[in-house]
Amino acid sequence: LGLSSFDQTKHYNVIETGPRVLDALIHKNILYVSHNFYNKSDDNIYYVISKLELSKPSRWVVFYKSAPLDIRYFALGHGGAMAVSKHGDLYFSIGDQSLDRVNGLKSDFAPQNENQPWGKVFKIKLSSNLSGNIKMCSIGHRNPQGLAFSDSGLLYSTEHGPRGGDEINQIKCGRNYGWPFFTYGTNYGNYGSYGNYGTITELSQKSIYKEPVYYFTPSIAIGQMVNVLKFSPEWDHNLLIASLKAESLFRVKLLNVGSVQNIEKISIGRRVRDLISVEGFIYLISDDGLLIELSKTTLPL
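About the criteria used
All residue numbers here refer to positions counted from 1 along the written sequence of the relevant chain. It should be noted that, the model being predicted, local features are given only for residues of pLDDT at least 70 and side-chain atom pairs only at 80 or more, the latter also being counted only at that level, while totals for whole chains, interfaces and linings use all residues. Only hydrogens and water are set aside; all other atoms, that is, all heavy atoms of the structure, feed into the side-chain values. Pairing of aromatic side chains requires ring centres within 6.5 Å, counting the rings of Phe and Tyr and the six-membered ring of Trp. Pairs whose planes differ by under 30 degrees are stacked, by over 60 edge-to-face, and all others tilted. A run of H or I in DSSP becomes a helix once it reaches four residues, and a run of E becomes a strand once it reaches two; helices and strands are each numbered from the N terminus. Partly exposed residues are those whose accessible area sits between 20% and 50% of the maximum for their type, while under 20% is buried and over 50% is exposed, using a 1.4 Å probe and protein chains only. Each ring is checked for a lysine NZ or an arginine CZ that lies within 6 Å of its centre and within 35 degrees of its normal; such an atom marks a charge sitting over the ring. Every definition here rests on a 1 Å grid over the protein atoms only: cavities are sets of points where a 1.4 Å probe fits but cannot get out, pockets are open sets enclosed by protein on both sides within 12 Å along at least five of seven lines, and lining residues have some atom within 4 Å of a point. Grid points are joined across faces, edges and corners, and a volume is the space filled by probe spheres set on the points. Ten residue types, Ala, Val, Leu, Ile, Met, Phe, Trp, Tyr, Cys and Pro, are classed as nonpolar, four, Asp, Glu, Lys and Arg, as charged, and the remainder, Gly among them, as polar. A pair of strands is considered paired only if DSSP assigns at least 2 bridges between the two. Put simply, a disulfide is two cysteine sulfurs that come within 2.5 Å.

**Let's talk about the packing of aromatic side chains**
Next, step 1: Here the structure, examined in full by the defined rule, presents 16 aromatic pairs.
Next, step 2: Ring plane angle 45 degrees and centroid distance 5.8 Å describe the contact between Phe-109 and Phe-181, whose orientation is recorded as tilted. You can see Phe-109 sitting in the loop between strand 8 (89-94) and strand 9 (120-125) and its partner Phe-181 sitting in the loop between strand 13 (166-171) and helix 2 (200-204), a full 72 residues away along the chain.
Next, step 3: In this structure Phe-109 comes out as buried when scored by relative accessible area, which is 19%.
Next, step 4: An aromatic cluster of three or more residues is present, and its members are Tyr-47, Tyr-64, Phe-92 and Phe-122.
Next, step 5: Here Lys-65 stacks its cationic end above the ring of Tyr-46, 4.3 Å away from the centre of that ring.

**Topic: unusual backbone geometry**
Next, step 1: Cis peptide bonds are those with omega within 30 degrees of zero, and the linkage from Trp-179 to Pro-180 qualifies with 0 degrees.
Next, step 2: The residue Pro-180 is located in the loop between strand 13 and helix 2 in this model.
Next, step 3: Cis geometry marks the peptide bond from Thr-217 to Pro-218; its omega dihedral reads 5 degrees.
Next, step 4: Tracing the sequence through the fold places Pro-218 in the loop between strand 14 (214-216) and strand 15 (222-227).

**What about empty space enclosed by the protein?**
Next, step 1: One pass over the full model with this rule turns up one cavity of 30 Å³ or more.
Next, step 2: Size it by volume and the largest cavity reaches roughly 50 Å³.
Next, step 3: Lining the largest cavity, in full, are Gly-140, Arg-142, Glu-159, His-160, Gly-161, Pro-162, Gly-165, Glu-167, Tyr-177, Trp-179, Phe-182 and Thr-183.
Next, step 4: Tallied by class, residues from the lining of the largest cavity come to four nonpolar, five polar and three charged.

**Some thoughts on the pairing of strand 7 (residues 79-84)**
Along any regular strand, the residues point their side chains to alternate faces of the sheet.
Next, step 1: Where burial is concerned, most of strand 7 is hidden: five out of the six residues are buried.
Next, step 2: By the bridge criterion, four bridges tie strand 7 to strand 8 in an arrangement that is antiparallel. When the bridges of strand 8 are listed, Met-82 appears paired with Phe-92.
Next, step 3: Remark: four residues form the turn of the hairpin made by strand 7 and strand 8, two consecutive strands paired antiparallel; Gly-88 in that turn has positive phi of roughly 85 degrees.

**A word on the pairing of strand 8**
Next, step 1: Taking burial as the measure, the six residues of strand 8 include six buried ones, the bulk of the element.
Next, step 2: Of the two faces of strand 8, the one holding Asp-89, Tyr-91 and Ser-93 and the one holding Leu-90, Phe-92 and Ile-94 are both buried throughout.
Next, step 3: Relative to strand 9, strand 8 runs antiparallel, the two being bridged by six bridges. Its bridge partner lying in strand 9, Ser-93 is registered against Val-121.

**Some remarks on the state of the cysteines**
Next, step 1: According to the stated counting rule, one finds one disulfide in the structure shown.
Next, step 2: Paired by a disulfide, Cys-137 and Cys-173 hold their sulfur atoms 2.2 Å apart. Taking the sign of the S-S torsion, -105 degrees for the link of Cys-137 and Cys-173, the bridge is left-handed. Linking Cys-137 in strand 10 (residues 134-139) with Cys-173 in the loop between strand 13 and helix 2, this pair joins segments that are 36 residues apart in sequence.

Here is the structure:
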């Protein structure tokens, strides 16, 4: 990640957070890790997916590397979620890095610019060569923290809004999810409509943006998401979502048509940073470093 040298940067004069690991998954004995990477030699930050063959854990290989950030600040909004489809396609998100404003650079409003990687969901077929195989799936994203496939093969994402407007989206390739021109969140300073970016023409064309399946107001600081399998009959095939600010899990029951039937809030009492579902158990990682195990308990009659 280049963490030790990041404090020596000359390019970035505003640093909200250091580079970090964003997500990890294992597919066919290969570990994929999405992360930020600071290159000291050119003083730039990149979004990178690295991979490691677990049968030959000798060295990491760069699987994907973005263009460098061209801004002079390194902000929150990393994205980095990954999921593999049943067809062997890797989907991954790249956050907008606060490129929702005018900087006078090529990356201005990057989530709406198809020539920039930021604020997008991409697709890679893992069974073929990487070269020329990366396809842009969807645009207009802010900070997609989770990606998960439902039993029916639909891809869902969890995405941080600004103040309010955290979203559950059904990801469909070729669609525009609106950020930063359309959001149900509000300004951090005055609770007004977010930004002044949407022109009358853009806002009148709201129908071109794909609506979220569900949005949270107020914000829950939405996080990672998993499709629960082999845990319990009541929870299996539901989506389970981590939250930071709400210090809870949210169990989402879906309809086959891709809409939400019900959401249950389950209090944890800690900021849940990440979670994973394995057979019979669900494991959570909290912001204060705890590993929490959830298991089904049969109550006595």
